[in-house]
Amino acid sequence: VPLTYMIISRDVMLIAAVFYVRYRTLPTPRTLSKYFNPCYATARLKPTFISKVNTAVQLILVAASLAAPVFNYADSIYLQILWCFTAFTTAASAYSYYHYGRKTVQVIKGR
């Protein structure tokens with residue numbers, strides 16, 4: 001359960017950051033119709049390498065967790081290690097987006 005909260009919290013923070021960047025980079029006057037209009041492309045989010053690794057690890061964890069009761073390894077140390085590794089890559093991914101925020105968000109200028 002704590003790992004699930006961690007993963008969801010990271011994604012919610014990323015979504016909030018993207019909404020904020022979208023708002024800040026819109027040309028004035030900022031309106032709701034401009035905000036949700038895809039013709040006003042203002043910023044691009046580039047995924048970091050650790051974020052791609054994190055996505056792969058999370059997908060492996062989901063598959064392993066679903067298979068655990070079928071193959072009777074629900075209490076396996078390897079599954080617990082995978083949980084810890086997933087938590088580590090999730091935290092590292094969140095930190096990479098925070099630390100390299102200016103590099104991962106490319107503001108499109110001249111529009």
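The model shown is predicted, which means the values in this text are computed figures rather than measured ones.

A. The pattern of salt bridges, seen in detail. In this structure the tally under the stated criterion is one salt bridge. Measuring nitrogen to oxygen at the nearest pair gives 2.6 Å for the salt bridge that ties Arg10 to Asp11. Of the residues examined, Arg10 reaches a relative accessible area of 8% and is grouped as buried. What makes Asp11 partly exposed here is its relative accessible area of 31%.

B. Highlighting the UniProt feature "transmembrane region" (unreviewed entry) in the protein. As recorded in UniProt, the feature "transmembrane region" (unreviewed entry) lies at residues 53-71 and 77-98. Secondary structure within residues 53-71 divides into 79% helix and 0% strand; the distance between the first and last C-alpha atoms comes to 26 Å. Between the first and last C-alpha atoms of residues 77-98 the distance is 32 Å; the span itself is 100% helix and 0% strand.

C. Highlighting the packing of helix 1 (residues 2-25) against helix 4 (residues 77-99). Between helix 1 and helix 4, the shortest axis-to-axis distance is 10 Å and the interhelical angle comes to 20°. As judged from the angle between their axes, helix 1 and helix 4 are roughly parallel. The way helix 1 lies across helix 4 gives a crossing that is left-handed. Packed against helix 1, whose contacting residues are Leu3, Met6, Ile7, Arg10 and Leu14, the element helix 4 presents Trp83, Thr86, Ala87, Thr90, Ala91, Ser93, Ala94 and Tyr97 at the interface. In terms of residue class, the contact of helix 1 with helix 4 is made up of nine nonpolar, three polar and one charged.

Cut-off values and rules
Residues numbered from 1 in each chain as written. Predicted model: local features only at pLDDT ≥ 70, side-chain atom pairs only at ≥ 80, totals over all residues. Heavy atoms only, no water. Salt bridge = Lys/Arg side-chain N within 4 Å of Asp/Glu carboxyl O. Buried < 20%, exposed > 50% of the residue type's maximum accessible area, 1.4 Å probe, protein only. UniProt positions renumbered as here; feature names shortened; annotations may be inferred. Helix = DSSP H or I, 4+ residues; strand = E, 2+ residues; numbered from the N terminus. Axes fitted to C-alpha atoms, helices over the stretch in contact; angles between N-to-C directions. Parallel < 35°, antiparallel > 145°, perpendicular 65-115°, else oblique. Left-handed = near helix turned anticlockwise from the far one by under 90°. Contact = heavy atoms within 4.5 Å. Nonpolar A, V, L, I, M, F, W, Y, C, P; charged D, E, K, R; others polar.

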